[in-house]
Amino acid sequence: MTFKKIILKIHLWLGLGSGLIIVILGITGCIYVFDEELRPIVYHDSYFANETKNVQKPLSELVKIVQDSIGTDKPINSINIRNEKDATILLQTSKTFENKNAIWYWDTTEYSYNIYINSFTGKIQKIEDATTEFFEVIFSLHWSLLLTNDIGQPIVGIAVIIFIISLITGLILWWPKNKAAAKQRYWFRWKNTTQWKRKNYDLHNILGFYVLIFALIIALTGLVWSFEWVDNGVKWIANGGQTIERKQEEIKSDISKKDNQNPLDKIYAALKQDYPNAKNYIVSIPSDSLQSQFVFIENGGSFDRVFLQFDQYTGKILEKKTFADRNNGDKLRSLNYPIHSGGILGLPGKILAFFASFICASLPVTGFYIWWGRNNKKKKAK
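Basis of the calculations
Residues numbered from 1 in each chain as written. Predicted model: local features only at pLDDT ≥ 70, side-chain atom pairs only at ≥ 80, totals over all residues. Heavy atoms only, no water. Core = buried A, V, L, I, M, F, W, Y, C linked by side-chain atoms within 4.5 Å. Buried < 20%, exposed > 50% of the residue type's maximum accessible area, 1.4 Å probe, protein only. Helix = DSSP H or I, 4+ residues; strand = E, 2+ residues; numbered from the N terminus. Contact = heavy atoms within 4.5 Å. Axes fitted to C-alpha atoms, helices over the stretch in contact; angles between N-to-C directions. Pairing = 2+ DSSP bridges. Salt bridge = Lys/Arg side-chain N within 4 Å of Asp/Glu carboxyl O.

Q: Would you explain the nonpolar core in this entry?
A: Soluble globular proteins: nonpolar side chains tend toward being buried together. In terms of nonpolar packing, the biggest core is built from 25 residues, with Ile79, Leu271 and Ile297 touching the most fellow members. Among the elements of the structure, helix H4 (59–70), strand E1 (78–82), strand E2 (89–96), strand E3 (109–117), helix H10 (264–274), strand E5 (280–284), strand E6 (293–298) and strand E7 (306–310) are those that each provide at least two residues to this core. Of all the elements, H4 adds the most residues to this core, at five residues. Among residues more than four places away in sequence, those in contact with Leu271 are Pro276, Tyr281, Val283, Val295, Ile297, Leu308 and Phe310.

Here is the structure:
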């Protein structure tokens, strides 16, 4: 058996073995890459205030309205404030639990709700069950095939590794012997008489060649979430061969300063003053009396994110971290999702990632059809 025939066998059986999962990952990736752009359109009535006034209600009052509505047994975990005049404010509450017999991702979630409130009137516009929300289901399907992380992520990771090997073996098979052969492999040369089998073969080979680099980037960045050793390896390389432990210093709030005043409004006012052009502010609600209040500021760029900690009783800033404050490993790690989704290049990058993901999803389909056609042809010949 020649070298190319061995490669063909490897390419074929690895492709057949992982094809269905790659199709699922490709299609869900196409959808979720525009999650940020699609949500305000699909959920317009939830994302935008149906009535506006000149003055917004205090943030602490809005939190109390929501908390009273859903009950104290479901404490608010975080607040997502989009910095748009007519945007509603999103408050989230969720609770997970350990379930050793869990298979599906729903089996470890007791509840998870998204509550959209009009900041001008204090009216709750929608209470949404996040466990069945479309984009959350798409994300979980992409992340772990709707299985728990312990089960689903290794399966996804192994399928992606197989896909990477398939891309490399596919390039070996695609590589032309001479210039004459190369002309047939760089672009489509279809005529009116060109049969569908030939068109399918060209779609698999030519599109596969042009998407190769982008597919490898998407696949390799995806492995960072599936395997800890990949995550650690990426940071190790970025740090010049050094392992730097990521220590999140636990800065505690001063409980002795606790009084009847709510500093949440003070924190929000400081955010609006210091970061008036931010895209959105994500504010955590501490789960115990000593935790600091975490705030994540999204400025719209991959290099402009800011992480803050405040004293939950006084509203005093305790720590500020920017992209520049991180070591090289953490910098690269924080860019993993923007690279994976194409968002690091803005909207053009997301469009590029969309088409790359779509072509990746098509490769197992066109590849299967090539195999089925050849196998069927052999049976007919016999």
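Q: I keep staring at the environment of Asn262 and nothing clicks. Help me out?
A: For Asn262, the location among the structural elements is in the loop between helix H9 (228–238) and H10. For Asn262, a relative accessible area of 44% translates into the label partly exposed. Measuring from C-alpha to C-alpha, the distance between Asn262 and Trp225 comes to 38 Å, with 37 residues separating the pair along the chain.

Q: Looking at this structure, how should I read the environment of Leu223?
A: Summarising the element assignment, Leu223 is placed in helix H8 (residues 196–226). Sequence separation between Leu223 and Trp104 is 119 residues; the distance between their C-alpha atoms is 21 Å. When residues no more than four places from it in sequence are discounted, the contact partners of Leu223 are Gly157, Val160, Ile161, Ile164 and Val230.

Q: How should the packing of helix H5 (residues 134–144) against helix H6 (residues 149–174) be read in this particular structure?
A: How two helices sit against one another is set out by the angle between their axes and by the gap between those axes. Look at H5 against H6: their axes get within 7 Å of each other, and the N-to-C directions meet at 65°. Touching His142, Trp143 and Ser144 of H5 are Asn149, Gly152, Gln153 and Val156, all from H6.

Q: What's the story with the sheet that holds E1 in this structure? I'm lost.
A: What links the strands of a sheet is backbone hydrogen bonding, and the strands pair in either a parallel or an antiparallel sense. Read across the sheet, eight strands follow the order E4-E3-E2-E1-E5-E6-E7-E8 without closing on themselves; strand pairing throughout is antiparallel. Each end of this open sheet is capped by a strand with a single partner; those strands are strand E4 (124–129) and strand E8 (317–322). If you compare each strand with its neighbour and ignore which way they point, the axes differ by 15° on average. Pairing of E3 with E4, which is carried by five bridges, proceeds in the antiparallel orientation. Looking across to E4, one finds that Tyr113 is bridged to Asp129.

Q: Would you take a moment to explain unusual backbone geometry for this structure?
A: Excluding glycine, residues mostly carry a negative phi; peptide bonds, for their part, are mostly trans. Phi at Leu145 is positive, roughly 60°, even though this residue is not glycine. On the basis of relative accessibility, which here comes to 15%, the residue Leu145 falls in the buried class.

Q: Looking at this model, I keep getting lost on the pattern of salt bridges. Mind explaining?
A: Opposite charge on two side chains permits them to pair, given that their charged atoms come into close proximity. Taken as a whole and assessed by the stated rule, the structure comprises 16 salt bridges. When the shortest N-O distance is used, the salt bridge between Glu36 and Lys350 registers 3.7 Å. With Glu36 in helix H2 (residues 35–42) and Lys350 in helix H13 (residues 346–381), this pair connects stretches of sequence that are 314 residues apart. As a salt-bridge pair, Lys350 and Glu37 come within 3.0 Å of each other at their nearest N and O atoms. You can see Lys350 sitting in helix H13 and its partner Glu37 sitting in helix H2, a full 313 residues away along the chain. A relative accessible area of 10% means that Lys350 is categorised as buried. A relative accessible area of 32% means that Glu37 is categorised as partly exposed.

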